[in-house]
Amino acid sequence: MGIINDIELTEYFSLYEFECPCCRRVMLSPDLFARLNHLRMVINRPVYINSGYRCKEENKRVGGVSGSYHLLGMAVDIHVKDFLLFDLLLFAQGIGFNGIGFYEKKNFLHLDIRPGPKRVWKGSKLIGY
Ligand SMILES: [Zn+2]
Ligand SMILES: [Zn+2]
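Here is a short report on the structure shown in this document. These figures come from a predicted structure and were not determined experimentally. (Residues numbered from 1 in each chain as written. Chains lettered and ligands numbered in written order. Predicted model: local features only at pLDDT ≥ 70, side-chain atom pairs only at ≥ 80, totals over all residues. Heavy atoms only, no water.)

## A few points about the coordination of the zinc ion (ligand 1)
- The protein atoms that coordinate the zinc ion (ligand 1) are C20 (SG), C22 (SG), C23 (SG) and C55 (SG), at distances of 2.2 to 2.3 Å.
- One can describe the site at the zinc ion (ligand 1) as tetrahedral: its four donor atoms subtend angles covering 98 to 123° at the metal. (Donors = N, O, S within 2.8 Å, 3.2 Å for Na, K, Ca; no water. Tetrahedral: all angles 85-135°; square planar, octahedral: opposite > 155°, others 65-115°.)

## Here's the deal with the nonpolar core
- Among the nonpolar cores identified, the biggest contains 28 residues, and L36, I78, L88, F97, L109 and L111 are the most heavily contacted of them.
- Taken together, the elements giving at least two residues each to this core come down to α1 (30-43), β2 (75-79), α3 (85-95), β3 (99-103) and β4 (108-112).
- Once you skip the residues sitting within four places of it in the chain, L88 turns out to touch L39, I43, I78, V80, F83 and L109. (Core = buried A, V, L, I, M, F, W, Y, C linked by side-chain atoms within 4.5 Å. Buried < 20%, exposed > 50% of the residue type's maximum accessible area, 1.4 Å probe, protein only. Helix = DSSP H or I, 4+ residues; strand = E, 2+ residues; numbered from the N terminus. Contact = heavy atoms within 4.5 Å.)

## A few points about the sheet that holds strand β5 (residues 119-122)
- Strand order in the open sheet formed by six strands is β1-β2-β4-β3-β5-β6, with mixed pairing between adjacent strands. Two strands close off the open sheet at either side, each with one partner strand: β1 (48-51) and β6 (125-128). Averaged over all pairs of adjacent strands, the angle between strand axes in this sheet comes to 30°, irrespective of strand direction.
- Note that β1 and β2 share three bridges and pair antiparallel. Bridging from a neighbouring strand, S51 pairs with D77 of β2.
- Lying on the sheet, α1 is in contact with β1, β2 and β4; it crosses β2 at an angle near 20°.
- Each of β2, β3, β4 and β5 touches α3; the most contacted strand, β3, lies at about 180° to it. (Pairing = 2+ DSSP bridges. Axes fitted to C-alpha atoms, helices over the stretch in contact; angles between N-to-C directions.)

## Examining α1
- With 14 residues, α1 extends 20 Å from end C-alpha to end C-alpha; this agrees with the ideal 20 Å at 1.5 Å per step.
- Among the residues of α1, L32, F33, L36, N37, L39, R40 and I43 are the ones counted as buried. Projection of α1 onto a plane perpendicular to its axis shows the buried side chains occupying an angular sector of 160°, all on one side. Exposed and oriented more than 90 degrees from the buried face of α1 are P30 and M41. (Expected span 1.5 Å × (residues − 1). Arc of directions from axis to C-beta.)

## Here we look at the environment of N98
- Tracing the backbone through its elements, the reader meets N98 in the loop between α3 and β3.
- Distance in space between the C-alpha atoms of N98 and F86 is 16 Å, their sequence separation being 12 residues.
- Apart from residues lying up to four places away in sequence, N98 is in contact with D112, I113, R114, P115, P117, K118, R119 and Y129.

Okay, structure coming up:
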């Protein structure tokens, strides 16, 4: 008997890495996942998922916005060791993540595949696309 969500999706990622930490439920958009694998391949370094799917309660707990794409399995927060966050941002833009949050102090990127206009933000400021 395996542990729930202990399923290798690709050589890079297992399903449990995307699950909600409070309830282990998980939603994962194939589009988001394809882009994430692309990013992983291009930078050729381990990509750590800080936050994948979140249920409502978990999203509240971590202070996420109410319409967060984490609630839909369409967003991930990631970090890569020994890799400039700004370089990671440039790669992520090239791969076509539509929403990118730049969190310099905590050294992670939020990536999502929202429909509509693309945006890159840092705190409350739009910084690009
Ligand atoms: Zn949960
Ligand atoms: Zn996020």
